[in-house]
Amino acid sequence: MAETKTYREALREAMVHEMDRDESVILMGEDIGVYGGTHLITDGLYDKYGPRRVIDTPISENGFTGAAVGMAMMGMRPVVEMMTWNFSFLAADQIIQNAAKVRYFSGGQVKVPLVIRGPNGGGVQLSAQHTHSLESFYGHFPGLKVVAPVTPNDAKGMMLTAIRDDNCVIFLEAGALYGTKGEVEEGDNAVPFGKARIAREGSDVTLIAYGRQVNLCLRAAETLEEEDGVDAEVIDLRSLRPFDEDAIVESVKKTHRAVAVEEQWRWFGVASEVAAIIQEKAFDYLDAPVERVSGAETPAPYARNLELLAFPSEKEVANAARWALYMEEK
Amino acid sequence: MIMPKMGDAMEEGTLLRWLKSQGDEVEAGEPIAEIETDKVTMELEAEDSGTLAELYAEEGQDVPVGEAIAFIAGEGEEVPERGGGEEREETPAEEGGSGGDPEAATATREEERPAPSTQRTDGHFRASPIVRRLARENNLDLSKIKGTGPQGRIVERDVRAALERGGAEAAEEREEAAPRPAPAPEPAGEPGTELVQPSRMQKIIGERMQQAKREIPHFYATIEADVGELAQLRRDLNERLADEGIKLSVNDFVMKACALALRKFPMLNALWTGDGIEVHERVDLAMAVALESGLITPVIRDAANKTLSAISAEAKDLASRARDGKLRPEEYQGGTFTVSNMGMFGVESFSAIINPPQAAIVAVSSIVRRPGFDEEGNVVPVDSMKLTLSADHRIVNGAEGAQYMAEVRRLLENPMLLVV
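Computed from a predicted structure; not experimentally measured. (Residues numbered from 1 in each chain as written. Chains lettered and ligands numbered in written order. Predicted model: local features only at pLDDT ≥ 70, side-chain atom pairs only at ≥ 80, totals over all residues. Heavy atoms only, no water.)

*Asks:* Lay out the overall build of chain A in plain terms, naming residues and giving numbers.
*Replies:* What chain A contains, in helices and strands, is twelve helices and 14 strands. Classification of the 330 residues of chain A by burial places 57% in the buried group. Restricting to contacts in chain A with at least 6 residues of sequence separation, those with at least 24 account for 82%. Accessible area of chain A: about 13700 Å², with a carbon and sulfur share of 52%. (Helix = DSSP H or I, 4+ residues; strand = E, 2+ residues; numbered from the N terminus. Buried < 20%, exposed > 50% of the residue type's maximum accessible area, 1.4 Å probe, protein only. Contact = heavy atoms within 4.5 Å. Areas by Shrake-Rupley, 256 points an atom, 1.4 Å probe, with all protein chains shown as cover.)

*Asks:* With reference to specific residues and values, describe helix α8 (residues 213-228) of chain A.
*Replies:* Along an α-helix, residues three or four apart share an orientation, since each turn contains 3.6 residues. All names here are of chain A. For α8, which comprises 16 residues, the first-to-last C-alpha distance of 21 Å matches the rise-based estimate of 22 Å (1.5 Å per residue) to within 8%. Among all positions in α8, only Q213, V214, L216, C217, A220, A221, T223 and L224 are buried. On its buried face, α8 is in contact with β9 (197-200), β10 (205-209), β11 (232-236), β13 (258-265) and α12 (314-324). Just downstream of α8 lies G229, where phi reads positive at about 65 degrees. (Expected span 1.5 Å × (residues − 1).)

*Asks:* Requested: an account of the nonpolar core, with residues and values cited.
*Replies:* Counting 57 residues, the largest nonpolar core has B:F337, B:L387, B:Y404 and B:L412 as the members making the most contacts within it. For this core, the leading source of residues is helix α7 (residues 250-264) of chain B, giving ten residues. Once residues lying within four places of it in the same chain are set aside, the contact partners of B:F337 are B:C258, B:L262, B:L268, B:N269, B:D284, B:L285, B:A286, B:Q358, B:A360, B:V362 and B:Y404. Counting residues in hydrophobic clusters, the runner-up holds 53 residues, among them A:V147, A:V184, A:V205 and A:V317. (Core = buried A, V, L, I, M, F, W, Y, C linked by side-chain atoms within 4.5 Å.)

*Asks:* I'd love a proper account of the packing of aromatic side chains, names of residues and values included.
*Replies:* Residues and elements named next belong to chain A. Tallied over the full model, the rule gives nine aromatic pairs over all chains. Between the aromatic rings of Y104 and F105, the centroid separation amounts to 6.4 Å while the plane-to-plane angle is 55 degrees, which identifies the pairing as tilted. A relative accessible area of 69% means that Y104 is categorised as exposed. With relative accessibility at 57%, the residue F105 sits in the exposed group. Connected via pairs of aromatic rings, a cluster forms that spans W85, F89, F137, Y138 and F141. Across from the ring centre of F311, 5.2 Å away, lies the NZ or CZ of R212, which sits over that ring. (Phe/Tyr/Trp six-rings, centres within 6.5 Å; stacked < 30°, edge-to-face > 60°. Lys NZ or Arg CZ within 6 Å of the ring centre and 35° of its normal.)

*Asks:* Describe the confidence of the model for chain B, and please don't skip the residues or the numbers.
*Replies:* Residues and elements named next belong to chain B. Scored by pLDDT, chain B has a mean of 81; 83% of the residues are at 70 or more. Across residues 83-122 the pLDDT falls below 50, and counting only partners more than four positions away or on other chains, this stretch makes 49 contacts in the model. This prediction of the complex comes with two scores: 0.54 for pTM and 0.72 for ipTM. (pLDDT = per-residue confidence, 0-100.)

*Asks:* An account of the environment of A:M28 is needed here, citing residue identities and associated values.
*Replies:* Residue and element names in this part refer to chain A. Examined against the element boundaries, M28 turns out to sit in strand β2 (residues 25-29). The class for M28 is buried, based on a relative accessible area of 5%. Placed 88 residues apart in sequence, M28 and I116 show a C-alpha to C-alpha distance of 9.5 Å. Those residues within four positions of M28 in sequence are excluded, and the remaining contacts are I55, T57, F64, A67, A68, M71, P78, V79, V80 and E81.

*Asks:* How would you summarise the interface of chain B and chain A if you had to cite specific residues and measurements?
*Replies:* Accessible area lost on assembly of the parts is the figure often given for the size of an interface. Listed as interface residues are eleven residues of chain B and, on the opposing side, eleven residues of chain A. Note on chain B versus chain A: buried area summed over both sides is about 930 Å², and carbon and sulfur give 51% of it. In this structure, the connection of chain B to chain A is made through two salt bridges. For A:R257, the salt bridge goes to B:E156, with nearest N and O atoms at 3.3 Å. Our count for the contact surface shared by chain B and chain A stands at nine residue pairs in polar contact (both at pLDDT 80 or more). Here the side of chain B that touches chain A takes five residues from helix α3 (residues 129-138) of chain B, the largest share from any one element. (Buried area = accessible area lost by both parts, 1.4 Å probe. Salt bridge = Lys/Arg side-chain N within 4 Å of Asp/Glu carboxyl O. Polar contact = N/O pair within 3.5 Å; in protein donor to acceptor, adjacent residues only side chain to side chain.)

*Asks:* Account for the layout of surface pockets, naming residues and giving values.
*Replies:* Residue and element names in this part refer to chain B. A volume near 680 Å³ is recorded for the second largest pocket. Lining the second largest pocket are 27 residues, and of these R208, M209, L295, T297 and N355 lie nearest its centre. The set of elements that each furnish at least two residues to the lining of the second largest pocket consists of α5 (200-215), β13 (294-296) and β15 (337-341). Ranked by residues supplied to the lining of the second largest pocket, first place goes to α5 with five residues. The residue makeup of the lining of the second largest pocket, split by class, is 17 nonpolar, nine polar and one charged. (1 Å grid on protein atoms, 1.4 Å probe; cavity = no way out; pocket = protein on both sides within 12 Å on 5 of 7 lines; lining within 4 Å. Points joined across faces, edges and corners; volume = space filled by probe spheres on them. Nonpolar A, V, L, I, M, F, W, Y, C, P; charged D, E, K, R; others polar.)

*Asks:* Any chance you could break down helix α7 (residues 152-164) of chain A for me, citing the residues and the numbers?
*Replies:* Residue and element names in this part refer to chain A. Relative to the 18 Å expected for 13 residues at 1.5 Å per residue, α7 spans 19 Å between its end C-alpha atoms, a close match to the ideal helical length. Among the 13 residues that make up α7, twelve are buried, leaving the element largely enclosed by the rest of the structure. For α7, the complete set of buried residues consists of P152, N153, D154, A155, K156, G157, M158, M159, L160, T161, A162 and I163.

*Asks:* Which residues make up the pattern of salt bridges, and what values do they have?
*Replies:* The tally for this structure, following the rule as stated, stands at 47 salt bridges over all chains. Put simply, B:E156 and B:R160 hold a salt bridge, and the shortest N to O gap is 3.1 Å. Here B:R160 and B:E156 lie together in helix α4 (residues 156-177), a separation of four residues that amounts to about one turn. Taken together, the shared-partner salt bridges in this structure form one network comprising A:K5, A:E13, A:K156 and A:E186.

*Asks:* Which residues make up a negative patch on the surface, and what are the values?
*Replies:* On the surface, a cluster of negative charge is made up of B:E47, B:D48, B:E77 and B:E78. As for its position among the elements, B:E47 is in the loop between β4 (41-45) and β5 (50-55). (Patch = residues over 30% accessible without salt bridge, like charges linked within 9 Å, V, L, I, M, F, W, Y side chains within 5 Å. Lys, Arg positive; Asp, Glu negative; His and termini not counted. Charge placed at Lys NZ, Arg CZ, Asp CG, Glu CD.)

*Asks:* Provide a residue-level description of the packing of α7(B) against helix α10 (residues 398-413) of chain B, including the pertinent values.
*Replies:* Residue and element names in this part refer to chain B. Where α7 contacts α10, the axes come no closer than 9 Å and their chain directions differ by 130 degrees. Relative to α10, α7 is oriented oblique. When you trace α7 past α10, the crossing you get is right-handed. Each of F253, V254, A257, C258, L260, A261, L262 and K264 in α7 lies in contact with α10, whose residues at this interface are Y404, E407, V408, R410, L411 and L412. A class-by-class count of the residues in the contact of α7 with α10 yields eleven nonpolar, no polar and three charged. (Axes fitted to C-alpha atoms, helices over the stretch in contact; angles between N-to-C directions. Parallel < 35°, antiparallel > 145°, perpendicular 65-115°, else oblique. Left-handed = near helix turned anticlockwise from the far one by under 90°.)

*Asks:* Give me empty space enclosed by the protein: which residues, what numbers.
*Replies:* Residue and element names in this part refer to chain A. Applying the stated criterion to the full structure yields two cavities of 30 Å³ or more. Lining the largest cavity are 14 residues, and of these N120, Y210, G211, R212 and E263 lie nearest its centre. Tallied by class, the residues present in the lining of the largest cavity amount to four nonpolar, six polar and four charged.

*Asks:* Got a sec to walk through a nonpolar patch on the surface? Specific residues and values, please.
*Replies:* Residues and elements named next belong to chain B. Taken together, the side chains of W272, I277 and V279 make up a nonpolar region of the molecular surface, amounting to roughly 240 Å² of accessible area. Secondary-structure assignment places V279 in strand β10 (residues 276-279). Classification of V279 by relative accessible area gives partly exposed; the value is 42%.

*Asks:* Before we move on, could you go through unusual backbone geometry and cite the residues and values that matter?
*Replies:* A cis geometry characterises the amide bond from A:R241 onward to A:P242, with omega recorded as 5 degrees. Within the secondary structure, A:P242 is located in the loop between β12 (239-241) and α9 (245-255). Residues B:P356 and B:P357 are joined by a peptide bond in cis, for which omega reads 5 degrees. Residue position: B:P357 is located in the loop between β15 and β16 (360-373). For A:L40, which is not a glycine, the phi torsion comes out positive at approximately 60 degrees. Look at A:L40 and you get partly exposed, because its relative accessible area is 38%. Look at A:Y326: it is not a glycine, yet its phi comes out positive at around 60 degrees. With respect to the element layout, A:Y326 can be found in the segment after α12.

Right under this line is the structure:
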């Protein structure tokens, strides 16, 4: 059974599912209680579970994240909301120095079952200080799991998996897509980490993305099919750490061409990692260099027109695919 | 000294043999090496007098026209630095072998010499990784494939296309590996000569026959049949059938015999196709008809099941319409076996080229009266006819061909068998 729900509702449903199931699951964050959350993800949960399980915090990211790390060490399963992922820089010390390392420090004796969630990336005119894509930043640290679901079904299924995980999970929500709808499976639809999703089957070129860029790639794939008769495969990575290398390699073995798409800045990014893995593991199958489509190397602009220019467009993705297919010259 | 261009079509020459050694004094005009081109082998003479200071090419090496093969130093002249000129950089063989241990230098040269190839390369060309893998797996020489990617990069579609051409390509490669046929000579243009362009038909026949001779491994089997009885039977029949307007030719008997014999040897009534040998049950017998503009082979369908008179009537009709150019394509296409008769021209023996994709053709010569022996050993006149089978050895083996021809002879020597 499946029902159409928004991305926002799907996330909430997952938290409710786990809070009902496991009393150690609690929520923390700024305005998530009485107000229902800046993005209304936790709307109604304060009334349902009360102030001991849905905790409004002061504006003190390092403080409440540190408290959450401590709670997790002591057996609770906190889910912490960052109002935007940009604000997690204030809590970076707790996340990187403690959440990611305590299990290692303790020789595995102390686990940190902590989820830190919040909207990632841009697209909703929130300007440079609220529009940051942190996947490369957090993906860099061993000890952290980093996921970025794009469909409502995955948002729910991966949140279930995140809350049940004994490690700190950086849960990057597609902030611009909170209102988008999709079929969501009823009940326990836990989606395992480390498994990419083939969002569209194709044979000519592989478009690899995560987060809201997956939808961009799907639209580009349609354009490519209509205008050029190109059959593009779209891979939704879903989980960046662990990372589904096999899905990428298998797809490239089939198509021989790849375009890695990311919203974030290009340097030292996920697309670079994708390109590196392809050349390491599928070198003999490549017919063209791996193309990368990334965001502009600039702080995110506030103006709508400039913001659109700063992030990858459907056209850029389609063009990159055409380059990879040698249909057009760069 | 450079590799001279000894003909318009010459692209490279083979240095067969050095006649002088490094360090020898040479006189201008003195032969220093033997060069082989597509057409000739000739001696290469020194351009200047001096010391043969440096040999750049190995014996047996193919050297492109214009490339240096040796350096003759005049009085006090130094051997120039290696790899200086642009030309030199392109010559892979030159990279090794500047001074030092001569053996080591030779080894280097051997290693660096690229695989024989029509397209000169320095062994470095653009090819995508999958292309290199496909080339490895399919034993393809990438230097022969033209790239359509950026800056001529060989990409997957190029190599897939090459693999699809497969057979043809491989055949071409074999051809390239083999000594190339000499280009057709220039017309002499002397008084009393006339230049006539081949007709389109001639060109096509030429191409098909060239292809047949080149690609089909022909073997030949000749028999001699005593056709005295056949000649007698023919005279009798023609006499009695004259009122009906029927006049059987010798060739009608031969065609009937060839067609009937194919019933016992179906492998000769077969076609060589891309998917395998297609063996035909029905004999669609093609007969060669000479036209002014060339040759055509109209087909008598199901010849083995037709009477002599039917074959005769059909053959006459087809031949006359062929000469008038009034055959429909379906009347000269789809034969499974061919008979070519030159008996009427007094030819005593000949062998024909197989008409592809057929497996065989029989060449029929004239009836010649010559001395033979009867059963008592007396010399008697014999009406003898030679028939030569040309068969595709990929389809038919020698014994089968010989047995087939023996059956044809049996039928011709017992002509009543052709009437029943």
